[in-house]
Amino acid sequence: MWLCPLALCIVGSLLSDYKEDRLIRSLEKEPLDVLQDDEISVENAIKTSFDLLIQTEQEALAVMSVFPGSFDADAAEAVIAAGMDTGARPIERILRSLKNRSLLEQPSSCRYQIHQLIQAFAKKIGQTEASRQVLRQNEIVACSHFISRLADNVNMYWSKDKCKESVEAFNEDRHNFEYFLKVYVHAMEKRNVDGLLQTSSRRFLDEFPQKCMYLEMCLLPSFYILILEGVLKNFDTESQPIHIIELLCLLGHEKERWATKHSIKILWNRRSKFILGIILNLEQMVCHKSFFSIVTHAFFLEHHYLAT
């Protein structure tokens, strides 16, 4: 990467002015502001290359900066096509042009990556309110793409002779799945699950216990619990009671393995109170088509996890 020698040159000159730990913290927080001196600047070097791009290439580079690490051609196409008119210039040509100008790396076949310094530049030039709104929308598009991919991976896992392929596909994009799961939970908190993300969300929540079993296998326990708790907080008790029961039981099972007895007791008490609330409203709920499904689901899950 052509930026690395320049960045190292500047860092070397800064070592006489910064303590190492402070320099590292500054580079993590504001890399472009740190990597400059009186005569040379990483930001100016990137800007020179960026200004030579045509508009569609500039926009494509900016929208792909939403990915936290490497991504494949399908993910690139999803975010580029969502916010740009690519009829006059195919996405493959855009990617190839950016790669030839060393603004886009290709760590392996059909996978791409934007250097962290170029990502920082793309985010810095998008500081106007309009640009921030576009970047937020691009992030939602990318989130929708990976939530749908996650649903596809789960379906693949439960297909015949596809377990290994599914897990390998998850691991290849683990950083994206984990990052956009957090984005998804945040979107739920902001009640911003609509449009494209709403469609992906329906796919993700369909046969939800299967999705959770897959995530339990693929994610670290602490992160898995974090995601379940985040989703649980944003479920609606009126319209999604079955999902709430499912999550309370799944969390109870998971915390039996990893958490303290006190937190387990709190969680199971919450689940019991939720079911009790349903029973106390029996007169209203008995006509609800999902009532018996809710109660049956609760006791089935309880029996399943107490038996494991």
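Residues numbered from 1 in each chain as written. Predicted model: local features only at pLDDT ≥ 70, side-chain atom pairs only at ≥ 80, totals over all residues. Heavy atoms only, no water.

> For this particular structure, what's the right way to read the pattern of salt bridges?
Opposite charge on two side chains permits pairing when their charged atoms draw close. On inspection of all chains with the given rule, the structure shows 8 salt bridges. Among the ionic pairs, Arg 111 bridges to Asp 173, the shortest N-O distance being 2.9 Å. With Arg 111 in strand β3 (residues 111-113) and Asp 173 in the loop between α10 (163-172) and α11 (174-189), this pair connects stretches of sequence that are 62 residues apart. The exposure classification of Arg 111 matches that of Asp 173, with both residues buried. Note that Glu 178 and Arg 174 form a salt bridge whose closest N and O atoms lie 3.3 Å from each other. Highlighted residues: Glu 178 and Arg 174, both in helix α11, separated by 4 residues, approximately one helical turn. A relative accessible area of 26% means that Arg 174 is categorised as partly exposed. Put simply, Asp 72, Arg 111, Arg 149, Glu 172 and Asp 173 are held in one network by salt bridges that share partners. (Salt bridge = Lys/Arg side-chain N within 4 Å of Asp/Glu carboxyl O. Helix = DSSP H or I, 4+ residues; strand = E, 2+ residues; numbered from the N terminus. Buried < 20%, exposed > 50% of the residue type's maximum accessible area, 1.4 Å probe, protein only.)

> Explain the packing of aromatic side chains to me, please; I cannot follow it from the model alone.
Between two aromatic rings, the relevant description is the distance of the centres plus the angle of the planes. One pass over the full model with this rule turns up 15 aromatic pairs. Ring centres of Phe 170 and Phe 177 lie 4.9 Å apart, and the angle between their planes is 5°; this geometry places the pair in the stacked category. Each member of the pair Phe 170 and Phe 177 is classed as buried. Judged by centre distance (5.6 Å) and plane angle (75°), the rings of Phe 204 and Phe 208 are edge-to-face. The exposure class of Phe 204 is buried, given its relative accessible area of 1%. (Phe/Tyr/Trp six-rings, centres within 6.5 Å; stacked < 30°, edge-to-face > 60°.)

> What should I look at first to understand the side chain of Glu 57 in this one?
Inspection of the secondary structure assignment puts Glu 57 in helix α5 (residues 55-64). The exposure class of Glu 57 is buried, given its relative accessible area of 2%. Setting aside its immediate chain neighbours within four residues, Glu 57 contacts Arg 89, Ile 94, Ser 97, Leu 98 and Arg 101. (Contact = heavy atoms within 4.5 Å.)

> Looking at this structure, how should I read unusual backbone geometry?
Most peptide bonds take the trans configuration, and most residues that are not glycine carry a negative phi. Phi at Cys 110 takes a positive value of approximately 65°, unusual for a residue other than glycine. Looking at the element boundaries, Cys 110 is found in the loop between β2 (105-108) and β3. Given a relative accessible area of 46%, Cys 110 falls into the partly exposed group. Phi angles above zero are rare outside glycine, and Asp 161 is one such case at about 60°. Tracing the sequence through the fold places Asp 161 in the loop between α9 (129-157) and α10. For Asp 161, a relative accessible area of 71% gives the class exposed.

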